[in-house]
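Residues per chain are reported as follows:
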Amino acid sequence: MYLERKVEPVFHPDSYGYRPGRSALDAVGRCRERCWKSDWVVDLDIRAFFDSVDHSLMLKAVARHTDQKWILLYVQRWLVAPLRQQDGTLDARDRGTPQGSSISPVLANLYLHYAFDMWLVREFPAVTFERYCDDAVIHCASEEQARQVRDALAARLAQVGLELHPDKTRIVYCQDADRRGVHEVTSFTFLGYTFRPRLAKNRWGKHFVSFLPAVSKDAIKAMGQTIRSWHIARRSDKSLNDLALMFNSIVQGWINYYGRFYKSMLYPLLRRINDHLVRWAMRKYKRLRRREKRAGELMAEASRRSPRLFAHWRFGQRPGGWTMGAV
């Protein structure tokens, strides 16, 4: 808490991770706006950042913001504390920060403030970026500039003990209706959202292709696995109200995050919950067994009676006649 109060005022405004008043969705929104203005993106990935931080450079960065010896002492102890493995053995640490600890977010931001943010502002003042801890996107005006920034950044990170992942760091063309040509990479994923050319509608109702973010396939897959793990159909001892109480908070969290941009890409996932609820009804009520159509009709009727019972129903994804919303 002491260290955060000292360093928070000096952090760059485009650093969004674990900071008061900033969120991942803020970073996604700003990235969307800048992709419309700049044609090229460096989608970068720092290999094993939390395992690679140089302790001496970290302590040097902390010392720039406090002369309190007890702060430096505690940070040093935290950095070098051995890691206990599952078998009980202890692994000594000479690099990296302890993931999951309360101080790791502010230390990570402080390290990258000097290793990345301030270096980029100094060396390439014309480019813009969004960074959420060790996940970052850099916007460039041309492919040549993007390659120059990528190569210079790789050299810079090597100076501070870090490395750009060679396979996951890519130069991306933000292709849309006005940006022509054939390019190797025209999509990237940032904070669970995949940016790529997508169909959109302007204020006059005309469709066009824009470069937009929507929930990523990996995020959809992870949420789908979570839904399957609930085994809704087997919970025949529960009522609809019980099921809503059990799962609404999780589903509402997904909607709050992944429903912010191009929300229609989230609809198919949410409809799967209705399918599970239909199977739950077929298993709970003997008269509905092997009568999937009738179970679906009764579930649709329940959604009309209580349209706000489930979080995804409130989002417009009710069984038996949902309406596609605007993207």
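Coordinates for the structure precede this section.
These remarks concern the structure in this document. (Residues numbered from 1 in each chain as written. Predicted model: local features only at pLDDT ≥ 70, side-chain atom pairs only at ≥ 80, totals over all residues. Heavy atoms only, no water.)

Things to note about the environment of R93
Argument step 1. Counting through the fold element by element, R93 comes out in the loop between β3 (90-91) and α6 (104-123).
Argument step 2. Looking at R93, the relative accessible area reads 16%, which means it is buried.
Argument step 3. Each C-alpha atom, one on R93 and one on A81, is 6.7 Å from the other, the two residues being twelve residues apart in sequence.
Argument step 4. Apart from residues no more than four positions distant in its own chain, R93 is found in contact with H55, L79, V80, A81, P82, L83 and P98. (Helix = DSSP H or I, 4+ residues; strand = E, 2+ residues; numbered from the N terminus. Buried < 20%, exposed > 50% of the residue type's maximum accessible area, 1.4 Å probe, protein only. Contact = heavy atoms within 4.5 Å.)

Structural notes on the sheet that holds strand β9 (residues 207-215)
Argument step 1. An order of β7-β8-β9 is seen for the three strands of this open sheet, with the pairing classed as antiparallel. Edge positions in the open sheet fall to β7 (188-190) and β9, since each of these has one partner strand only. On average, each strand axis in the sheet is inclined to that of its neighbour by 50°, with strand direction left out of account.
Argument step 2. By the bridge criterion, nine bridges tie strand β8 (residues 193-201) to β9 in an arrangement that is antiparallel. Residue pairing for β9: A200 is matched across the bridge by F208. (Pairing = 2+ DSSP bridges. Axes fitted to C-alpha atoms, helices over the stretch in contact; angles between N-to-C directions.)

Some points on the pattern of salt bridges
Argument step 1. Per the counting criterion, the structure on display carries 15 salt bridges.
Argument step 2. Residues D237 and K238 are paired through a salt bridge, measuring 3.9 Å at the closest nitrogen-oxygen approach. (Salt bridge = Lys/Arg side-chain N within 4 Å of Asp/Glu carboxyl O.)

Here's the deal with the nonpolar core
Argument step 1. Grouped together as the largest cluster of nonpolar side chains are 55 residues, with contacts concentrated most on F188, F195, M223, L266 and L277.
Argument step 2. V106, L112, A115 and L120 belong to the second largest nonpolar core, which has 44 residues in total. (Core = buried A, V, L, I, M, F, W, Y, C linked by side-chain atoms within 4.5 Å.)

Overview of the packing of aromatic side chains
Argument step 1. Counted by the stated rule, this structure contains 19 aromatic pairs.
Argument step 2. With centroids separated by 6.1 Å and ring planes inclined at 80°, the aromatic side chains of W70 and Y74 adopt a geometry described as edge-to-face. One end of the pair is W70 and the other is Y74, both in helix α5 (residues 69-80) and four residues apart, which spans about a single turn.
Argument step 3. When its relative accessible area of 44% is taken as the criterion, W70 is described as partly exposed.
Argument step 4. Between the aromatic rings of Y267 and F315, the centroid separation amounts to 5.9 Å while the plane-to-plane angle is 70°, which identifies the pairing as edge-to-face. Of this pair, Y267 sits in helix α10 (residues 267-284) while F315 sits in the segment after α12 (311-314), and the two are 48 residues apart along the sequence.
Argument step 5. Among the aromatic residues, ring-to-ring pairing joins Y193, Y257, Y258 and F261 into one connected group.
Argument step 6. Of note, R203 hangs over the ring of W204, and the distance from its end group to the ring centre comes to 5.3 Å.
Argument step 7. The positively charged end of R287 is found above the aromatic ring belonging to Y285, 5.3 Å away from the centroid. (Phe/Tyr/Trp six-rings, centres within 6.5 Å; stacked < 30°, edge-to-face > 60°. Lys NZ or Arg CZ within 6 Å of the ring centre and 35° of its normal.)

Regarding the sheet that holds strand β5 (residues 135-140)
Argument step 1. One open sheet holds the four strands; their spatial order is β4-β5-β1-β6, and the pairing between them is antiparallel. Because the sheet does not close on itself, it has two edges, and the strands there are β4 (128-132) and β6 (170-173). Strand-to-strand twist in this sheet, taken as the mean axis angle between neighbours without regard to direction, amounts to 20°.
Argument step 2. With four bridges connecting them, strand β1 (residues 40-45) and β6 associate as antiparallel partners. What sits directly across from W40, in β6, is Y173.
Argument step 3. Running at roughly 160° to β4, helix α2 (residues 24-37) makes contact with β1, β4 and β5 of the sheet.
Argument step 4. α6 rests against β1, β4 and β5 of the sheet, and its axis sits at about 170° to β4.

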